[in-house]
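Examining the three-dimensional arrangement
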Amino acid sequence: MMYEDDVPPENRVDLAYSGLDLFPEHLSEKADRIQSLHLNNNRILVLPRAVSLFQELRHLDISANGLTHVSGELTHLPNLRTFIAKNNLLEDGALPKELGRCLSLQVLNLSGNGFMEFPEQIEGMAGLRALYFGANRLRTVPSEIKHMSRLEILYLGGNQISSLPLEVGSLSSLMSLVLCDNRLESIPPHLARLRNLRSLSLHNNRIAALPSEIIALRNLTELSLRGNPLVVNFVRDLSYDPPTLLELAGRGVKNSGIPYGEGDVPPNLYRYLSLARKCPNPKCTGVYFDARVKQIKFFCNIYA
Amino acid sequence: MAGMDVEMRGNAIDEMLKKKRDLNPLPEPETLDDLVQGLKIIFQDNEINVEEVNEYMSKYKTNAREWYKYAKFDHHRYTRNLVDQGNGKFNLIVLCWGEGQGSGIHSHSDSHCFMKVLDGTLDETMYSWPSDSEDERELQKTETHSYGKDSVAYINDSMGLHRVENSSHTNTAVSLHLYSPPFDMVECFDQRTGHRKKVRVTFYSKFGQRTPFGCTSVETLEPENN
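From a predicted model like this one, the values you see are computed outputs, not experimental measurements. (Residues numbered from 1 in each chain as written. Chains lettered and ligands numbered in written order. Predicted model: local features only at pLDDT ≥ 70, side-chain atom pairs only at ≥ 80, totals over all residues. Heavy atoms only, no water.)

Comments concerning the overall build of chain B
A count of helices and strands for chain B gives 4 helices and 13 strands. Taken over C-alpha atoms, the radius of gyration comes to 18 Å for chain B, in line with the 17 Å a tight globule of 226 residues would show. The principal-axis extents of the C-alpha atoms in chain B amount to approximately 50 × 45 × 35 Å. Across the 226 residues that make up chain B, the buried fraction comes to 51%. (Helix = DSSP H or I, 4+ residues; strand = E, 2+ residues; numbered from the N terminus. Rg over C-alpha atoms; globule rule 2.2 N^0.38 Å. Buried < 20%, exposed > 50% of the residue type's maximum accessible area, 1.4 Å probe, protein only.)

Quick look at the structure:
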């Protein structure tokens, strides 16, 4: 595999597709020579404490095993650069709490598992260069991700992510950002700070418009946008549902600051007036109830 | 052959080829090298029997050890790695698709195109050619297919345009493509408008050696319209 070019063939052990039910602890007899271990596509359900016997291990692939638990002893491997555990049955809490202590780790692949939350331990891994978290069940990305300052590759395709924290823009080493097949409605303009970004994968999301700042990314040569409701000509396509008289009256009361108390209006109207929502356009002090015009970057009852 | 109608001519060629193959059977493609040698024999003729090539490529059973040296992946886009130039009659290329990587919508320069999946799964979405009028219209999807290991697909311009992609977020994909006659330009199409653009085809590596494109100002790579 690509990543193990630093290991001579005689120090690689390939036991993929070997019908193993247990982690091959007996190999520890030759531990001083084993730098790369392929155990993918077996039936090893648990990565046991014995893994720490392999002190020379740099690359470990334990993908497609039905793995449910990763022992904390993994963090006792001083030379571990690559840990690949994709297509397993790992869920929230399956990773050792001390994973962040694995300072040598550069590539972590947890794609194809059942994580619903971004593991806290990973947030602090400032030395990680590549994180593959595709096809899990993530709904958000924590703002603490900004601590992963060496991250060059961030693969988050195939999750349920509906928004990105602006802190993703702080990942100054990022070269490849994959967000395809998610539920993003927008991306923060702060992504324009990713000077080293060469590829951005956004296809199959719910993005209506891109922040114009994105054109500042000089190194961005690959961009995928298909499968998004990008509005081509929003002026022409603008559809407008006029507000009701009730709504207009409500807006009038609220916008003019007309004082009223519970006894001044019927209870249903009093309740209605309490439902007024502030217009998200920071320049507009108006309110709306049900009807509003949603334009590309802002929506506002004044400009309706 | 002049004076015969198209169908009669086709049948006559098939007969001729059948006779030829019965006298000199093609080597069973047990290795990638066997496959290349057999393809060179097939393509010595000027007329190509698509079925025969399809069947022959299907017979080769993928073995990663044989194509490993061509399987060079890139983090940012799929790669094209030249394997053989088929004595000028065809290009044989290994394409490497990282997770989630796909091509833009493209045509095939009036050539035959065979694609055999060597690893992973590739999804193909076919589109009709845009109309010749100046209107900006979204391209019409026609068919979709999914190809697994060892399957072989075929396309030429009369069948339409297509996009090929690795939709998997966990597994990479590798495919073997044969293009005859070889071409170095394709037309790429914008899905939303139908606009087309000619794009030069480049190689990430040739015969297992990484090519240095992208390093000089002359050889810059055109991004995929994705």
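Let us keep going from here.
Details of the confidence of the model for chain B
Per-residue confidence for chain B gives a mean pLDDT of 90, with 94% of residues at or over 70. Across the whole predicted complex the pTM is 0.82, and at the interface the ipTM reaches 0.88. (pLDDT = per-residue confidence, 0-100.)

Considering the pairing of strand β7 (residues 152-155) of chain B
Residues and elements named next belong to chain B. Burial of β7 is two-sided: the residues V152 and Y154 facing one way and the residues A153 and I155 facing the other way are all buried. Of the pairings in the sheet, the one linking strand β4 (residues 112-119) to β7 comprises 4 bridges and is antiparallel in character. If you follow K116 over to β7, its bridge partner there is V152. (Pairing = 2+ DSSP bridges.)

Observations regarding the nonpolar core
Judged by nonpolar contacts, the single largest core of 64 residues is most densely connected at L47(A), L60(A), L74(A), F83(A), I122(A), L131(A) and L177(A). In this structure L60(A) touches L37(A), L39(A), L47(A), V51(A), L74(A), L80(A), T82(A), F83(A) and I84(A), once residues within four positions along its chain are discounted. L32(B), V36(B), L176(B) and L178(B) belong to the second-largest nonpolar core, a separate cluster that totals 27 residues. (Core = buried A, V, L, I, M, F, W, Y, C linked by side-chain atoms within 4.5 Å. Contact = heavy atoms within 4.5 Å.)

Re the sheet that holds strand β13 (residues 209-210) of chain B
Residue and element names in this part refer to chain B. Within the open sheet, the 7 strands sit side by side as β7-β4-β9-β2-β1-β12-β13. Their pairing is mixed. Of all strands in the sheet, those with a lone pairing partner are β7 and β13, marking the two edges. With 2 bridges joining them, strand β12 (residues 205-206) and β13 adopt antiparallel strand pairing. Across the sheet, residue K206 finds its bridge partner in β13, namely Q209. Across the face of the sheet, helix α2 (residues 32-42) comes into contact with β1 (79-84), β2 (91-97) and β9 (173-180) while running at roughly 15 degrees to β9. Its contacts with the sheet place helix α3 (residues 50-59) against β4, β7 and β9, and it is angled at close to 15 degrees to β4. (Axes fitted to C-alpha atoms, helices over the stretch in contact; angles between N-to-C directions.)

Quick look at the packing of α2(B) against α3(B)
All names here are of chain B. The contact between α2 and α3 brings their axes to 10 Å, and the two run at 170 degrees. As far as their axial angle goes, α3 and α2 are roughly antiparallel. Taken together, the residues of α3 that come into contact with α2 (itself represented by D34, L35, G38, L39 and I42) are E52, V53, Y56 and M57. Considering only residue class, the contact of α2 with α3 consists of 6 nonpolar, 1 polar and 2 charged. (Parallel < 35°, antiparallel > 145°, perpendicular 65-115°, else oblique. Nonpolar A, V, L, I, M, F, W, Y, C, P; charged D, E, K, R; others polar.)

With respect to the interface of chain B and chain A
When the parts come together, some accessible area is lost, and that loss is often what is quoted as the size of the interface. In this complex, chain B contributes 18 residues to the contact, which on the side of chain A involves 29 residues. Both sides together, the interface formed by chain B and chain A hides about 1900 Å², and carbon and sulfur atoms give 48% of it. At the surface where chain B touches chain A, the tally comes to 2 salt bridges. Ionic pairing is found between E165(B) and R226(A), a salt bridge with its closest N-O pair at 2.6 Å. Here chain B and chain A share 13 residue pairs in polar contact (both at pLDDT 80 or more) between them. When grouped by side-chain class, the residues that make up the side of chain B that touches chain A number 3 nonpolar, 9 polar and 6 charged. (Buried area = accessible area lost by both parts, 1.4 Å probe. Salt bridge = Lys/Arg side-chain N within 4 Å of Asp/Glu carboxyl O. Polar contact = N/O pair within 3.5 Å; in protein donor to acceptor, adjacent residues only side chain to side chain.)

Things to note about the UniProt feature "binding site: Fe cation" (unreviewed entry) in chain B
Residues and elements named next belong to chain B. The sites that UniProt annotates as "binding site: Fe cation" (unreviewed entry) are H106, H108 and H162. Considering the C-alpha atoms alone, the annotated residues occupy 57 residues of sequence yet fold into one spot, their largest mutual distance being 9.3 Å. With respect to the helices and strands, the residue H106 is situated in strand β3 (residues 105-106). A polar atom in the side chain of H106 sits 3.1 Å from the backbone oxygen of G104. In this fold, H108 is placed in the loop between β3 and β4. On the basis of relative accessibility, which here comes to 1%, the residue H108 falls in the buried class. With near-sequence residues (within four places) excluded, H108 lies in contact with C113, I155, D157, H162, Y179 and F183. (UniProt positions renumbered as here; feature names shortened; annotations may be inferred.)

What to know about the pattern of salt bridges
Residue and element names in this part refer to chain A. Using the criterion set out here, one finds 17 salt bridges over all chains in the structure. The residue R58 makes a salt bridge to D6 at a minimum N-O spacing of 3.0 Å. Taken together, the positions of R58 in the loop between β3 (46-47) and β4 (59-61) and D6 in the segment before β1 (12-14) put the pair 52 residues apart, joining distant regions of the chain. With a relative accessible area of 32%, D6 lands in the partly exposed category. A salt bridge links R49 to E73; its shortest N-O distance comes to 3.9 Å.

What to know about unusual backbone geometry
That bond from S180(B) to P181(B) is cis: its omega, -10 degrees, falls within 30 degrees of zero. Among the secondary structure elements, P181(B) is positioned in the loop between β9 and β10 (185-189). Despite not being glycine, N87(A) has its phi angle at roughly 55 degrees, a positive value. Secondary-structure assignment places N87(A) in the loop between β6 (82-84) and β7 (107-109). Overall, N87(A) belongs to the partly exposed group, its relative accessible area being 28%. Positive phi outside glycine occurs at F207(B), with the angle close to 55 degrees.

Some points on the sheet that holds strand β9 (residues 153-155) of chain A
Through backbone hydrogen bonds, the strands of a sheet pair up, either in parallel or in antiparallel fashion. Residue and element names in this part refer to chain A. On the basis of which strands lie adjacent, the open sheet formed by 10 strands has the order β1-β2-β4-β6-β7-β8-β9-β10-β11-β12 and parallel pairing. The sheet is open, and its two borders are formed by β1 and β12 (222-224), each paired with just one other strand. Neighbour-to-neighbour, the strand axes of the sheet open up by a mean angle of 5 degrees, direction not taken into account. Bridging between β4 and β6 involves 3 bridges; their strand directions are parallel. Residue pairing for β6: H59 is matched across the bridge by T82.

Some words on the environment of G98(B)
Secondary-structure assignment places G98(B) in the loop between β2 and β3. As for G98(B) and S167(B), which are separated by 69 residues in sequence, their C-alpha atoms are 9.4 Å apart.

Some words on the packing of aromatic side chains
Under the definition given, this model contains 10 aromatic pairs over all chains. Note on Y260(A) and Y270(A): the rings are 5.8 Å apart at their centroids and 75 degrees apart in plane angle, and the pair reads as edge-to-face. Here Y270(A) lies in helix α4 (residues 267-273) and Y260(A) lies in the loop between α3 (245-255) and α4, a separation of 10 residues in the sequence. A relative accessible area of 27% means that Y260(A) is categorised as partly exposed. By relative accessible area, Y270(A) is classed as partly exposed at 30%. A centroid spacing of 4.6 Å and a plane angle of 15 degrees characterise the contact between Y78(B) and W97(B), whose relative ring orientation is stacked. Here Y78(B) is found in the loop between α4 (64-67) and β1, whereas its partner W97(B) is found in strand β2, with 19 residues between them in sequence. (Phe/Tyr/Trp six-rings, centres within 6.5 Å; stacked < 30°, edge-to-face > 60°.)

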